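Notes for the structure review
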Amino acid sequence: MLAPLPASDWNETTAAHLLLRTGFGATQQEIQECAAAGLDASVDRLVDWEKTPDPTADPEWAKPDPTLAEQRRALRNLPEEERRMKFQEFQRQQREQLHELKQWWLERMRNGPRPLQEKLTLFWHGHFATSAEKVKIAYFMWRQNDIFRRLGNGPFRNLLLEVGRDPAMLVWLDGAQSRKDAPNENYGRELLELFTLGEGHYTEDDIKAAARAFTGWTVNRFNQTASFQKFNHHDGRKTFLGASGNFNDEDIIDQILGQNQCARHLSNRLWSFFAYQNPPAALADSLGDSLYRLNYDLRPFLKAMFRSREFYSARAIGTQIKSPVQWLLATAKSAEMARFPGRAAIGLLTQLGQNLLEPPSVKGWDGGRTWVSTTTLLLRQNAAKLFVYGGDPGGVMFNREDMARRLEKLQELRKTEGKEGAPMEDDPMMARMERMKNRNNKMPAMIDPRKLAPAGTPDDNAALIESLLRRFYPTGAPAAAGKAFADYLAQSPDKSLEEKTKGLAYLMMARPEYQLT
């Protein structure tokens with residue numbers, strides 16, 4: 001059983017750690033309010049997020065399109081060339097909606113009233129990693145994202161069952177094409193290896209049995225739902241994890257959840273995401289036993305985890321490498337960004353290695369040290385300079401070379417559509433890309449130094465350093481940092497307060513330690 005954190009150890013540092021790991025950054029005021037509320041009340045507020053109103057509206061298109069069936073039927077009667085052009089138009093619309101979806105989700109993570117709900121949605125997106133690159137349909141990706149948001153803190157059984165019947169997952173792991181006389185094993189294999197038990201805790205025969213049990217579920221593309229076709233379900237005896245019977249998908253899931261190894265695998269994934277990777281064996285056993293005894297009810301498990309002494313240990317605080325999303329959003333919050341890059345942020349995150357809704361593989365993102373390299377560290381530093389000073393250092397936000405290549409491809413496509421030479425304004429996507437390509441490097445700064453500097457002490461360098469450290473290193477500054485920042489200010493005694501604030505903010509964000517949370 002996890003030992004609780006003593007009340008005497010609850011302070012602004014531990015409060016900041018809780019907020020940073022269960023969300024995407026915190027302001028000084030939020031940290032102070034969390035510390036004053038106490039550990040139990042703060043954890044309850046985060047985990048019981050249903051008690052916090054969330055007025056965020058869904059994207060306008062995030063619903064089944066009742067005209068889609070008729071559109072598909074109409075396509076069949078069109079000449080081949082016209083049908084091809086209509087299909088390309090449909091693909092462009094889906095790409096645009098996917099980009100809108102990424103921005104919509106990023107904005108929820110940045111400003112939403114339920115930070116842990118979005119953090120868990122991001123965890124489940126990495127756990128059940130599904131890519132829009134193959135799914136293609138924006139509504140299917142939104143629908144899966146919504147499943148993670150609705151069921152993320154409830155019984156794991158409900159989430160697992162819903163994911164197995166989710167159109168995006170049925171497309172992604174080929175369940176939609178699985179037939180009783182030719183079961184596709186992709187979902188059964190990843191269910192056992194990645195989603196529940198882990199490698200080495202099942203056999204090839206178990207995969208085959210699971211694949212047969214999941215047959216019958218497919219995607220109805222006319223009403224955009226998952227549907228069960230009884231005639232296509234393998235209705236026969238199967239042997240799975242040592243038990244035999246005429247199993248369906250629910251039976252398979254119940255067999256899996258009956259294995260203590262599933263609780264150990266899942267609890268370790270959660271601990272690695274929220275606390276630190278590779279927990280000691282004794283802790284891993286304790287986490288697994290706890291989740292198993294709770295019958296996979298995630299709400300009490302998360303509360304116990306966030307209240308535990310180990311969650312606030314030296315091994316946990318300030319030791320996790322920020323993911324690109326965490327780095328960007330925590331920076332925006334700490335610096336109280338006056339402007340947020342919005343659409344350009346999606347391109348930046350992609351360059352930094354975290355393209356939302358398009359994970360690199362069915363394993364999701366590896367995280368940890370893989371988040372940083374010499375290239376991505378330089379990108380993070382260039383972006384920090386852009387936030388503070390404006391401009392477009394290194395073309396980091398707009399990636400102009402990639403923009404030019406994509407524009408060239410789109411222009412080639414226009415030739416095949418007979419639109420060569422036509423005004424670009426008739427295609428919003430191309431027009432926007434062309435404007436971005438031609439934009440001069442004059443993006444304004446996104447951070448207002450007047451918000452960062454403490455009031456009333458323009459000549460007090462120590463107060464300025466202390467104030468900025470509390471913002472950018474809320475769980476503690478590196479030992480050598482204070483002297484480095486003081487030396488920087490001492491070298492330019494005639495700088496204005498605004499110039500000193502900008503310079504310090506950039507230096508703090510450029511340090512290697514800033515990449516940790």
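As a starting point, this report considers the structure included with it. (Residues numbered from 1 in each chain as written. Predicted model: local features only at pLDDT ≥ 70, side-chain atom pairs only at ≥ 80, totals over all residues. Heavy atoms only, no water.)

**Regarding the overall build of the protein**
Of the regular secondary structure elements, the protein holds 25 helices and four strands. Here the protein, with 517 residues, has 52% of them falling under the buried criterion. Put simply, 73% of the contacts in the protein that link residues at least 6 apart link residues at least 24 apart. Here the protein has roughly 23,300 Å² of accessible surface; of this, 50% comes from carbon and sulfur atoms. (Helix = DSSP H or I, 4+ residues; strand = E, 2+ residues; numbered from the N terminus. Buried < 20%, exposed > 50% of the residue type's maximum accessible area, 1.4 Å probe, protein only. Contact = heavy atoms within 4.5 Å. Areas by Shrake-Rupley, 256 points an atom, 1.4 Å probe, with all protein chains shown as cover.)

**Overview of helix α24 (residues 481-491)**
Listed as buried for α24 are Ala481, Phe485, Tyr488 and Leu489. Seen end-on, α24 carries its buried residues on one side only, within an arc spanning 95°. Along α24, exposed side chains directed more than 90 degrees from the buried face belong to Lys483, Ala490 and Gln491. The inward-facing, buried residues of α24 abut α23 (461-472) and α25 (497-510). (Arc of directions from axis to C-beta.)

**A closer look at the packing of aromatic side chains**
This model, assessed by the stated rule, comprises 24 aromatic pairs. Ring centres of Trp124 and Phe156 lie 5.8 Å apart, and the angle between their planes is 20°; on these two criteria the pair is classed as stacked. One end of the pair, Trp124, is in helix α6 (residues 115-127); the other, Phe156, is in helix α9 (residues 156-164), with 32 residues separating them in the sequence. Residue Trp124 is classed as buried on the basis of its relative accessible area of 0%. On the accessibility criterion, Phe156 (0% relative accessible area) is buried. Ring geometry for Phe128 versus Phe148: centroids 6.0 Å apart, planes at 15°, classification stacked. In this pair, Phe128 is assigned in the loop between α6 and α7 (132-135) and Phe148 in helix α8 (residues 138-151), connecting sequence segments 20 residues apart. Just as Phe128 is buried, Phe148 falls in that class too. The aromatic ring of Phe24 is capped on one face by Lys119, whose charged end is 5.2 Å from the ring centroid. (Phe/Tyr/Trp six-rings, centres within 6.5 Å; stacked < 30°, edge-to-face > 60°. Lys NZ or Arg CZ within 6 Å of the ring centre and 35° of its normal.)

**Observations regarding the pattern of salt bridges**
All told, the structure shown has 34 salt bridges when counted by the stated rule. With its nearest N and O atoms 3.6 Å apart, the salt bridge here joins Arg165 to Glu250. On the criterion of sequence distance, the pair formed by Arg165 in the loop between α9 and α10 (167-172) and Glu250 in helix α13 (residues 249-257) is long-range, its members being 85 residues apart. With relative accessibility at 23%, the residue Arg165 sits in the partly exposed group. Residue classification places Glu250 among the partly exposed residues on the basis of a relative accessible area of 30%. (Salt bridge = Lys/Arg side-chain N within 4 Å of Asp/Glu carboxyl O.)

**Let's talk about the pairing of strand β1 (residues 217-220)**
In this sheet, strand β2 (residues 225-228) lies alongside β1 in antiparallel orientation, the contact comprising four bridges. Note on β2: the bridge partner recorded for Asn220 is Thr225. (Pairing = 2+ DSSP bridges.)

**Quick word on the packing of α8 against α9**
Relative orientation of the contacting elements α8 and α9 amounts to 170°, with a least axis distance of 10 Å. Comparing their axes, α9 and α8 come out roughly antiparallel. Here α8 contributes Ile147, Phe148, Arg150 and Leu151 to the contact with α9, which in turn contributes Asn158, Leu159, Glu162 and Val163. Of the residues in the contact of α8 with α9, the class split is five nonpolar, one polar and two charged. (Axes fitted to C-alpha atoms, helices over the stretch in contact; angles between N-to-C directions. Parallel < 35°, antiparallel > 145°, perpendicular 65-115°, else oblique. Nonpolar A, V, L, I, M, F, W, Y, C, P; charged D, E, K, R; others polar.)

**Things to note about the packing of helix α5 (residues 80-111) against helix α17 (residues 324-334)**
Where α5 contacts α17, the two axes come as close as 10 Å, and the packing angle between them is 50°. Compared by their axis directions, α5 and α17 come out oblique. Once α5 is placed against α17, the crossing between them reads as right-handed. Note on element contacts: α17 touches α5 through Val325, Leu329 and Lys333, opposite Leu106, Met109 and Arg110. (Left-handed = near helix turned anticlockwise from the far one by under 90°.)

**Let's talk about the nonpolar core**
If you look at the biggest cluster of nonpolar residues, it comprises 141 residues, and the most contacted ones within it are Leu18, Leu106, Trp124, Phe128, Phe156, Phe306 and Phe472. For this core, the element with the most residues is α8, which contributes eight residues. Not counting chain neighbours up to four residues away, the residues in contact with Leu106 comprise Val325, Leu329, Phe340, Ala345, Ile346, Leu349 and Leu356. (Core = buried A, V, L, I, M, F, W, Y, C linked by side-chain atoms within 4.5 Å.)

**Re the side chain of Thr130**
With respect to the secondary-structure elements, Thr130 resides in the loop between α6 and α7. The exposure class assigned to Thr130 is buried, which follows from its relative accessible area of 0%. Not counting chain neighbours up to four residues away, the residues in contact with Thr130 comprise His125, Val135, Met141, Gln144, Ala168, Met169, Trp172, Leu357 and Pro359.

**Brief notes about the environment of Arg309**
Here Arg309 shows up in the loop between α16 (298-307) and α17. When the C-alpha positions of Arg309 and Leu5 are compared, they lie 4.0 Å apart, and in sequence the two are 304 residues distant. Sequence-distant contacts of Arg309, defined by excluding residues within four places in its chain, comprise Ala3, Pro4, Leu5 and Pro6.

**Concerning unusual backbone geometry**
Located in the positive-phi region is Lys136, a residue other than glycine, with phi close to 75°. Counting through the fold element by element, Lys136 comes out in the loop between α7 and α8. For Asn278, which is not a glycine, the phi torsion comes out positive at approximately 55°. Tracing the backbone shows Asn278 in the loop between α14 (260-274) and α15 (281-293). On the basis of relative accessibility, which here comes to 63%, the residue Asn278 falls in the exposed class.

**Considerations on the side chain of Gln326**
Along the chain, Gln326 falls in helix α17. A distance of 2.9 Å separates polar atoms of two side chains, one belonging to Gln326 and the other to Lys119. When residues no more than four places from it in sequence are discounted, the contact partners of Gln326 are Leu20, Gly23, Phe24, Gly25 and Lys119. (Polar contact = N/O pair within 3.5 Å; in protein donor to acceptor, adjacent residues only side chain to side chain.)

**Here's the deal with the environment of Lys502**
By the element assignment, Lys502 lies in helix α25. Residue classification places Lys502 among the partly exposed residues on the basis of a relative accessible area of 21%. Taking C-alpha positions, Lys502 is 6.1 Å from Val388, a pair spaced 114 residues apart along the chain.

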